[in-house]
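Results of the structural survey
Chain by chain, the residues:
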Amino acid sequence: MRTTALMTGAVLAVSLAATSAYAQGGFGPQEMTRYQVKENIYTIRNAGAGNVIMLVGEEGVVLIDDKFPQDHDAIMKLVREVTDAPVLYVINTHMHPDHVGGNPAMKDIGAAIVSSENARRIMAERGTPGLANIAMRDYLRIYLDEMPIDLYYFGRGHTDGDIVIHLPTERIVITGDLFALYGPYRAVIDYSAGGSLRDWPRTLERVLQLDFDLVIPGHSGPTDRANIEGYIDYLTRTAQMVREMNAQNRSREDIQKMLESEFNWGRLEMMVGLDGVISEMR
Ligand SMILES: [Zn+2]
């Protein structure tokens, strides 16, 4: 069990870095680059890993996600160009290695790690280093100076441990890989980590009930509410199509071809999601 989970994690890490689909579209520039979103809010992006979001206050810095271990120094260089304040918290949107790989190094510089209880449990089962110091089930509010940072667990989707971060005073929502763009819509459903295509649209409907204008996805630059609505439609159509083909007793190969041609599924999506989606949609 543990070996399988470890292997899946390793395969996923390699795939995330190497799959050509992931090297384009939503991935950022080759060089680690900082973008300003608002006065005290930045994203830090590069070509190989999920977005880091940086919230800067007087008393400290809150980061959302921390990429792979080897990205730590480049991330901190860009943080230190903006502020000398300590990194107080690193919030993990979910447990994938391109989002939490920097946890041990962040703990070493004194940051507390925050994740969902489910993400922490999966990381513990797999022996992933840098487990959360603070774990939440459904809701947690962190204050950075006077700015509230609301963390929500809304249900299964990409994994069963995805947190959505809402900045109510800024009207911004940060979705991790519950909503991530890599060019055309794709769906990485990590069934080994509790992902679910059936639940995913409902989970995102709950995100839409928050008050926001700007969306910062797990991969790609900022976008808007309508883009999430489009993605919910994509996920719903994907689920319906697999369900229909199951009902017609169509083969695994037929379903694979359909997902490739109609829904842009690539190597990674197939590896972590194909068998799971066929059995979930029976
Ligand atoms: Zn992910």
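First, a word on what this report is: a plain description of the structure on this page.

Conventions adopted
- Residues numbered from 1 in each chain as written.
- Predicted model: local features only at pLDDT ≥ 70, side-chain atom pairs only at ≥ 80, totals over all residues.
- Buried ≥ 20, exposed ≤ 12 C-beta atoms within 10 Å, placed from the backbone.
- Helix = DSSP H or I, 4+ residues; strand = E, 2+ residues; numbered from the N terminus.
- Pairing = 2+ DSSP bridges.
- Right-handed = clockwise from strand over helix to strand, strands pointing away.
- Core = buried A, V, L, I, M, F, W, Y, C linked by C-beta atoms within 7 Å.
- Contact = placed C-beta atoms within 7 Å.
- Expected span 1.5 Å × (residues − 1).
- Axes fitted to C-alpha atoms, helices over the stretch in contact; angles between N-to-C directions.
- Parallel < 35°, antiparallel > 145°, perpendicular 65-115°, else oblique.
- Left-handed = near helix turned anticlockwise from the far one by under 90°.
- Nonpolar A, V, L, I, M, F, W, Y, C, P; charged D, E, K, R; others polar.

It is worth spelling out the pairing of strand β11 (residues 172-176) at this point. Burial within β11 is extensive, with 5 of its 5 residues counted as buried. Going residue by residue along β11, you find Ile 172, Ile 174 and Gly 176 tucked away on one face and Val 173 and Thr 175 tucked away on the opposite face as well. Where strand β10 (residues 163-167) lies against β11, 3 bridges are found, and the strand directions are antiparallel. Looking at the pairing, His 166 lines up with Val 173 of β11. In this structure, the hairpin formed by β10 and β11 is closed by a connection of 4 residues, where Arg 171 is found at a positive phi of approximately 60°. Alignment of β11 against strand β12 (residues 214-217), held across 4 bridges, turns out to be parallel. Its bridge partner lying in β12, Ile 174 is registered against Ile 216. On the question of chirality, the crossover connecting β11 to the parallel β12 by way of helix α6 (residues 200-208) is right-handed.

Judged by nonpolar contacts, the single largest core of 64 residues is most densely connected at Met 54, Leu 63, Val 90, Ile 91, Val 164 and Ile 165. Looking at this core, the element that brings in the most residues is helix α7 (residues 225-247), giving 5 residues. Excluding its chain neighbours within four sequence positions, the residues that come into contact with Val 164 are Tyr 152, Phe 154, Val 173, Thr 175, Leu 178 and Val 207.

Compared with an ideal rise of 1.5 Å per residue, which puts 14 residues at 20 Å, helix α9 (residues 267-280) spans 20 Å between its outermost C-alpha atoms and is within 8% of the ideal. Leu 268, Glu 269, Val 272, Gly 273 and Val 277 are the residues of α9 that are buried.

Moving on to the pairing of strand β3 (residues 52-56). Where burial is concerned, most of β3 is hidden: 4 out of the 5 residues are buried. Pairing of strand β2 (residues 41-45) with β3, which is carried by 4 bridges, proceeds in the antiparallel orientation. Looking at the pairing, Ile 44 lines up with Val 52 of β3. Bridge analysis of β3 against strand β4 (residues 61-64) gives 4 bridges, and the strand direction is antiparallel. Its bridge partner lying in β4, Met 54 is registered against Leu 63.

Viewed as axis vectors pointing N to C, α7 and helix α8 (residues 252-263) meet at an angle of 155°, and their least axial separation amounts to 11 Å. Overall, the two elements α7 and α8 adopt an arrangement that is roughly antiparallel. Two packed elements cross with a definite hand, and for α7 against α8 that hand is right-handed. Between α7 and α8, the contacting residues are Thr 238, Met 241, Val 242 and Met 245 on the first element and Asp 254, Ile 255, Met 258, Glu 262 and Phe 263 on the second. A breakdown of the residues in the contact of α7 with α8 according to their chemical character gives 6 nonpolar, 1 polar and 2 charged.

Turning our attention to the sheet that holds strand β6 (residues 112-116). Read from one edge to the other, the open sheet built from 7 strands follows the order β1-β2-β3-β4-β5-β6-β7, with strand pairing classed as mixed. Two strands in the sheet have a free side with no partner beyond their single neighbour: β1 (33-38) and β7 (134-136). Shown here is a sheet whose adjacent strand axes are inclined to one another by a mean of 20°, direction ignored. Helix α5 (residues 117-126) contacts β6 and β7 of the sheet and is inclined by roughly 105° relative to β6.

What follows covers the environment of Asp 160. Its place among the elements puts Asp 160 in the loop between β9 (147-153) and β10. Assessed through the 23 C-beta atoms surrounding it within 10 Å, Asp 160 is described here as buried. Placed 40 residues apart in sequence, Asp 160 and Trp 200 show a C-alpha to C-alpha distance of 9.7 Å. Setting aside its immediate chain neighbours within four residues, Asp 160 contacts Asn 118, Ala 193, Gly 194 and Gly 195.

Our focus in this paragraph is the sheet that holds β11. The strand order across the open sheet built from 6 strands is β8-β9-β10-β11-β12-β13, with neighbouring strands paired in mixed fashion. With partners counted over all chains shown, the strands left at the sheet margins are β8 (139-144) and β13 (223-224), one partner each.

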